[in-house]
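# Examination of the molecular architecture
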Amino acid sequence: MNLSEMLLKLKIIMFGGKGGVGKTTCASSSAIWAAEHGRNTLIISTDPAHSLGDSLGIALPPGEPTKIPGVEGLTALEIDPKADMSEYKGLTGMSPVERMEIPDIMGELPMMEDLQDITSMSPPGIDEVFALLKVLEFIETDHDYDLVIFDTAPTGHTLRFLSLPETLSGWIGKLLKLRLKLGNLMGMMKSLFTSGEKKKDNSLEVLERLKDSIIRARDDLTNPMINSFVVVMIAEEMAISETGRLLNELLKYNIPISNIVVNQLYLDEEDLCDFCQSRRKMQASNLLKIQKVFRDKLGKELIEIPLFRGEIREYDNLKIFGEQLIK
Ligand SMILES: Nc1ncnc2c1ncn2[C@@H]1O[C@H](COP(=O)(O)OP(=O)(O)O)[C@@H](O)[C@H]1O
Ligand SMILES: [Mg+2]
């Protein structure tokens, strides 16, 4: 499926890759294109270093979906992980970043090993869990958008986001096991040491629900009729290695990838200066590698985009960029 078909048919498109390669530029020009082709489109930045508002040329209040003036059917959102943390605190009555406290008396008990195991694991990438909660909200719950485009965080973050169900599974698994072991004993102790009224601890249920919803969302994310991941890169050795790792991770989780954007290419022009000439040569040899490995071997469609003279931001430039990106 090429990018224009994807933008017309899919429900989710994610853009990802190394920092500075052009993810936000690709994501926002795609979002404008989709909206102008009649799809009610939401673009969400999950990158903690947001630049979506800068790219679109409008201030985006954190956490608030904002309609983009001048583009019918386009809404943009920069998620606010901090706000989501406090929502969570309200939800469960405990802060996810606080470590579990172990009563002193427990030190004498045989299951100390398990407890240490758990308390030494602070919840994995918990701030990302809350960024992810926002993502889940737009994948799983009903909404009016035809298409949701994600401008994701650079490679490392994206990978952690995708592995959350497994990490959480492990964590929940340990808690469950421990609960079973401790169940009766803890009950007995509580009634000995507390003055009767019990505070209900629903953290386990919350985590279970979270895990289930991530797994359900992943059903959508792995369905090529619903989602596709567009990898953005530049023609440099480092970007090739990093893209290789990203592709491996995406393959591991069965996330459909059809297109790879090779951005910021020097064109073969006659009047290139010395400096540009050597950059072009460097890129050309890397581009050959990219074509051989990512296109010929892995069967990905490459979209090659030239380096523009000016910065690509705001509507007019994004439209011009979009013409190159979406053919
Ligand atoms: N093909 C291009 N030609 C010229 N400038 C570009 C091109 N692609 C991206 N840029 C510029 O590079 C910078 C980084 O792009 P951005 O999309 O913010 O990257 P990322 O989101 O991957 O960090 C921006 O200032 C953008 O305008
Ligand atoms: Mg960006």
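What counts and what doesn't
- Residues numbered from 1 in each chain as written.
- Chains lettered and ligands numbered in written order.
- Predicted model: local features only at pLDDT ≥ 70, side-chain atom pairs only at ≥ 80, totals over all residues.
- Heavy atoms only, no water.
- Helix = DSSP H or I, 4+ residues; strand = E, 2+ residues; numbered from the N terminus.
- Buried < 20%, exposed > 50% of the residue type's maximum accessible area, 1.4 Å probe, protein only.
- Areas by Shrake-Rupley, 256 points an atom, 1.4 Å probe, with all protein chains shown as cover.
- Near = heavy atom within 4 Å.
- Polar contact = N/O pair within 3.5 Å; in protein donor to acceptor, adjacent residues only side chain to side chain.
- Nonpolar A, V, L, I, M, F, W, Y, C, P; charged D, E, K, R; others polar.
- Contact = heavy atoms within 4.5 Å.
- Pairing = 2+ DSSP bridges.
- Axes fitted to C-alpha atoms, helices over the stretch in contact; angles between N-to-C directions.
- Right-handed = clockwise from strand over helix to strand, strands pointing away.
- Expected span 1.5 Å × (residues − 1).
- Parallel < 35°, antiparallel > 145°, perpendicular 65-115°, else oblique.
- Core = buried A, V, L, I, M, F, W, Y, C linked by side-chain atoms within 4.5 Å.
- pLDDT = per-residue confidence, 0-100.
- Left-handed = near helix turned anticlockwise from the far one by under 90°.

## Comments concerning the overall build of the protein
Helix and strand counts for the protein stand at 11 helices and 8 strands. Buried residues in the protein amount to 48% of all 327 residues. Per element, the accessible surface of the protein, about 17100 Å² overall, is 53% carbon and sulfur.

## Examining the site of ligand 1
Near ligand 1, the surroundings consist of 18 residues, among which Gly20, Lys23, Thr24, Thr25 and Phe308 are the closest. At 2.9 Å from a nitrogen atom of ligand 1 is found a main-chain nitrogen or oxygen belonging to Pro306. Measuring from an oxygen atom of ligand 1, one finds a side-chain N or O atom of Glu311 at 3.3 Å. When ligand 1 sits alone it has 560 Å² of accessible area, and the protein chains cover 81% of it. Residue assignment for the shell around ligand 1 shows that the elements contributing at least two residues are α2 (23-36) and β7 (257-265). With 3 residues, α2 is the largest single contributor of residues to the shell around ligand 1. The class makeup of the residues in the shell around ligand 1 is 6 nonpolar, 9 polar and 3 charged.

## Observations concerning the side chain of Asn286
Here Asn286 shows up in helix α10 (residues 274-297). Under the relative-accessibility criterion, Asn286 is labelled buried at 5%. Here Asn286 is in contact with Ala235, Glu236, Glu237 and Ile240, once residues within four sequence places are set aside.

## Details of the sheet that holds strand β5 (residues 147-151)
In space, the 8 strands of this open sheet follow the order β3-β4-β2-β5-β1-β6-β7-β8, with mixed pairing throughout. Edge strands, defined here as strands with exactly one partner in the open sheet, are β3 (66-67) and β8 (301-306). Sitting on the sheet, helix α11 (residues 314-325) is in contact with β7 and β8, with an inclination near 140 degrees to β8.

## A short note on unusual backbone geometry
A positive phi is found at Asn254, a non-glycine position, where the angle reads about 60 degrees. Inspection of the secondary structure assignment puts Asn254 in the loop between α9 (237-252) and β7.

## Looking at the pairing of β8
For β7 and β8, the ladder comprises 5 bridges, and the chain directions are parallel. Across the sheet, the residue bridging to Leu265 is Pro306, located in β8. What joins β7 to β8 is α10, and the crossover it makes is right-handed.

## Remarks on α2
A rise of 1.5 Å per residue sets the reference length of α2, with its 14 residues, at 20 Å; its end C-alpha atoms lie 20 Å apart and thus fit the reference within 8%. For α2, the buried fraction is high: 13 of the 14 residues fall into the buried class. Residue Gly38 follows α2 closely and has a positive phi angle near 90 degrees.

## As for the packing of α2 against α11
The geometry of α2 relative to α11 is characterised by a closest axis approach of 9 Å and an angle of 90 degrees between their N-to-C directions. Comparing their axes, α11 and α2 come out roughly perpendicular. Across the interface between the two elements, Thr25, Cys26, Ser28, Ser29, Ser30, Ile32 and Glu36 from α2 touch Tyr315, Leu318, Lys319, Phe321, Gly322 and Leu325 from α11. Looking at the contact of α2 with α11, its residues break down into 6 nonpolar, 5 polar and 2 charged.

## Some points on α11
A rise of 1.5 Å per residue sets the reference length of α11, with its 12 residues, at 16 Å; its end C-alpha atoms lie 16 Å apart and thus fit the reference within 8%. Next to the buried residues of α11 lie α1 (3-9), α2, α3 (52-56), β7 and β8.

## What about the environment of Val135?
If you trace the backbone, Val135 turns up in helix α6 (residues 126-140). Along the primary structure Val135 and Phe150 are separated by 15 residues, whereas in three dimensions their C-alpha atoms are 8.6 Å apart.

## Focus on the nonpolar core
Counting 73 residues, the largest nonpolar core has Leu7, Ile13, Ile43, Leu56, Ile149 and Leu325 as the members making the most contacts within it. Among all residues touching Ile149, those that are not within four sequence positions of it are Leu7, Ile13, Phe15, Ala27, Ser30, Ala31, Thr41, Leu42, Ile43 and Ile44.

## Some thoughts on the confidence of the model for the protein
In the predicted model, the protein carries a mean pLDDT of 81, and 71% of its residues have values of at least 70. Throughout residues 88-110 the model reports pLDDT below 50, and contacts reaching past four residues in sequence, or to other chains, amount to 37 contacts. Below pLDDT 50 for its whole length, residues 119-124 participates in 12 contacts with residues either more than four positions away or in separate chains.

## Some points on the packing of α9 against α10
Running from N to C, α9 and α10 cross one another at 15 degrees; their axes reach a closest spacing of 10 Å. In this view, α9 runs roughly parallel relative to α10, as classed from their interaxial angle. As for the relative orientation of α9 and α10, their crossing is right-handed in sense. Residues Glu237, Ile240, Thr243, Gly244 and Leu247 of α9 form the contact with α10, whose own contacting residues are Asn286, Lys289, Ile290 and Phe294. A class-by-class count of the residues in the contact of α9 with α10 yields 4 nonpolar, 3 polar and 2 charged.

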